[in-house]
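Fold and geometry: a report
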Amino acid sequence: MNFDYSETQKMVAESARDFAQQYIFPHVMEWDEAQTFPVEVFKKAGEFGFMGILVPEELGGSGLGYHEYIAILEEISKVDPSIGLSVAAHNSLCTNHILSFGNEEQKHRWIPKLASAEWIGAWGLTEHNTGSDAGGMNTTAVKDGDDWVLNGAKNFITHGKSGDIAVVIARTGEKGDSHGMTAFVVEKGTPGFTSGKKENKLGMRASETAELIFSDCRIPDANRLGEVGDGFVQSMKVLDGGRISIGALSLGIAKGAYEAALKYSKERVQFGKPISEFQGISFKLADMATEIEASELLLHKAAFLKNEGRPMTKLSAMSKMYASEVCVKVANEAVQIHGGYGYTKDFPVEKFYRDSKLCTIGEGTTEIQKLVISRNILK
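Sequence order sets the numbering: in each chain, residues are counted from 1 along the sequence as written. Local features are withheld for residues below a pLDDT of 70 in this predicted model, meaning they are given only at 70 or higher, and side-chain atom pairs are given and counted only at 80 or more; totals for whole chains, interfaces and linings count all residues. Derived side-chain values reflect all non-hydrogen atoms in the structure, with water molecules and hydrogen atoms excluded from consideration.

1. Let's talk about the overall build of the chain
Helical segments are the DSSP runs of H or I of at least four residues, strand segments are the runs of E of at least two, and each set is numbered from the N terminus. A count of helical and extended segments in the chain gives eleven helices and ten strands. Its C-alpha atoms give the chain principal-axis dimensions of roughly 80 × 45 × 40 Å. For every residue, the accessible area obtained with a 1.4 Å probe (protein chains only) is divided by the maximum for its type, and the residue is called buried under 20%, exposed over 50%, and partly exposed between those limits. Relative to its full complement of 379 residues, the chain shows a buried share of 56%. Each accessible area is a Shrake-Rupley result for a 1.4 Å probe, and residues are judged covered by the shown protein chains and nothing else. Surface accessibility of the chain: about 16200 Å² in total, with carbon and sulfur atoms responsible for 53%.

Printed below as a string of structure tokens:
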């Protein structure tokens, strides 16, 4: 076992750190308060290779693995988790679904545009009435000659308004049948495909979340990904990798909040000495540091299994569950260490605190992760 980053991984992390400081840091609160989705920053991220991290070089991507992927998301999320969330959703959901299950023609048609960020990607599984119960979806796709006609709506979709292309899971069989759903690619501008309400959120406010609406939306069969009925199974496999993404996002939030709290605790003087010298504060920092370390190790073990093509459903669920719960705890303690200042927007921990909660909900709640883990260990 080797716990050191390779030279390539170190360079990738440094590049992401520099990118975040130069292009994201100056605008964090401006974007947050206005709920601005800064498309131009994602175009710039494409130039750095951060929008096609796992995409092979022959398709215009960076050709990197999951260890590098974690490093990039971590560094971006330490500065602004909402930008990290959008980078993660673009890479691991939309792009990765096409990369994993598209045919060669489909990959060459769509992946280069996604990898360069010429196009921003969205991924639609969740609906108003179906959160964790994806099998109960109401959005349908009905075959009509050589086309499919989609009707229904998806909600809580990252890049629902600004996305140029969406991978959408629709029901092609009976409700509740895990083999009754199929994945399709729908391009922006397709008649009958529109966006709806943009959510006004607690945190992650620079990452756009909105509805996708389908009203007699006709797409050719060439836009179908994989076999009819494979959409749900494909989605579960995509989410395995997506959980590593949310774990990496959580790790970045936790590290950002911890580093801010550590710095503040050394500078803030009470009763004649830095508050870091008080056991009540130093023990908080010790717990935070330990749990961050454990999160990182779990994530990289899941990444190792993913890179090796080995089963990693259990580890990805464990890493996502643990890292997301840790980031909420660390962000909460960081606010506490800052005291009254932590409750103001003058210090970064207030935003880390708001942003952190999404990590225990998105791409499978903590409760769903426990379900996945328990089913795997009880086999």
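Next comes the rest of the description.
2. Structural notes on the packing of aromatic side chains
Aromatic pairing here means that ring centres of Phe, Tyr or Trp (its six-membered ring) are within 6.5 Å. Orientation follows from the plane angle: under 30 degrees is stacked, over 60 is edge-to-face, and everything else is tilted. Per the stated rule, a full pass over the model turns up twelve aromatic pairs. On the numbers, 5.1 Å between centres and 0° between planes, the contact of F193 with F214 is stacked. Taken together, the residues span a long stretch of sequence, with F193 in strand 6 (residues 193-198) and F214 in strand 7 (residues 209-220) at a distance of 21 residues. Neither residue differs from the other here; F193 and F214 are each classed as buried. Taken together, a centroid distance of 5.7 Å and an interplanar angle of 55° make the contact between Y341 and F347 tilted.

3. Examining helix 9 (residues 313-338)
Counted at 1.5 Å a residue, the expected span for helix 9 with its 26 residues is 38 Å, and the 38 Å between its end C-alpha atoms agrees. Phi for G339, located one or two positions after helix 9, is positive at around 65°. Expected span of a helix: the number of residues minus one, times 1.5 Å.

4. Some thoughts on the side chain of Q9
Summarising the element assignment, Q9 is placed in helix 1 (residues 7-24). Two residues form a contact once any of their heavy atoms are found within 4.5 Å. If near-sequence neighbours (up to four positions away) are discounted, Q9 is found in contact with D4, H67 and E68.

5. Examining the pattern of salt bridges
Between side chains of opposite charge, a pair can form when the charged atoms approach closely. Salt bridges, as used here, are contacts in which a Lys or Arg side-chain nitrogen is within 4 Å of a carboxyl oxygen on Asp or Glu. Tallied over the entire structure, the rule returns 23 salt bridges. D80 serves as the salt-bridge partner of K351, at 2.7 Å between the closest nitrogen and oxygen. Of this pair, K351 sits in helix 10 (residues 349-356) while D80 sits in the loop between helix 4 (66-79) and helix 5 (81-101), placing them 271 residues apart in sequence. Through salt bridges with shared partners, a single network forms among R17, E75, K78 and E259.

6. Remarks on the nonpolar core
One finds I24, I76, I83, M288, V330 and I337 to be the most contacted residues of the largest nonpolar core, which totals 65 residues. By residue number, the principal contributor to this core is helix 7 (residues 231-267), which donates twelve residues. Aside from chain neighbours lying at most four places away, what touches I76 is A16, F19, A20, I24, F50, I83, G84 and V87. In this structure, I98, L114, V167 and I169 belong to the second largest nonpolar core, which totals 26 residues. Nonpolar core, defined: a set of buried Ala, Val, Leu, Ile, Met, Phe, Trp, Tyr and Cys residues in which side-chain atoms within 4.5 Å join the residues together.

7. A few points about unusual backbone geometry
One non-glycine residue with positive phi stands out, namely D216, at about 50°. Secondary-structure assignment places D216 in strand 7. One non-glycine residue with positive phi stands out, namely E363, at about 55°. Counting through the fold element by element, E363 comes out in the loop between helix 10 and helix 11 (366-377).

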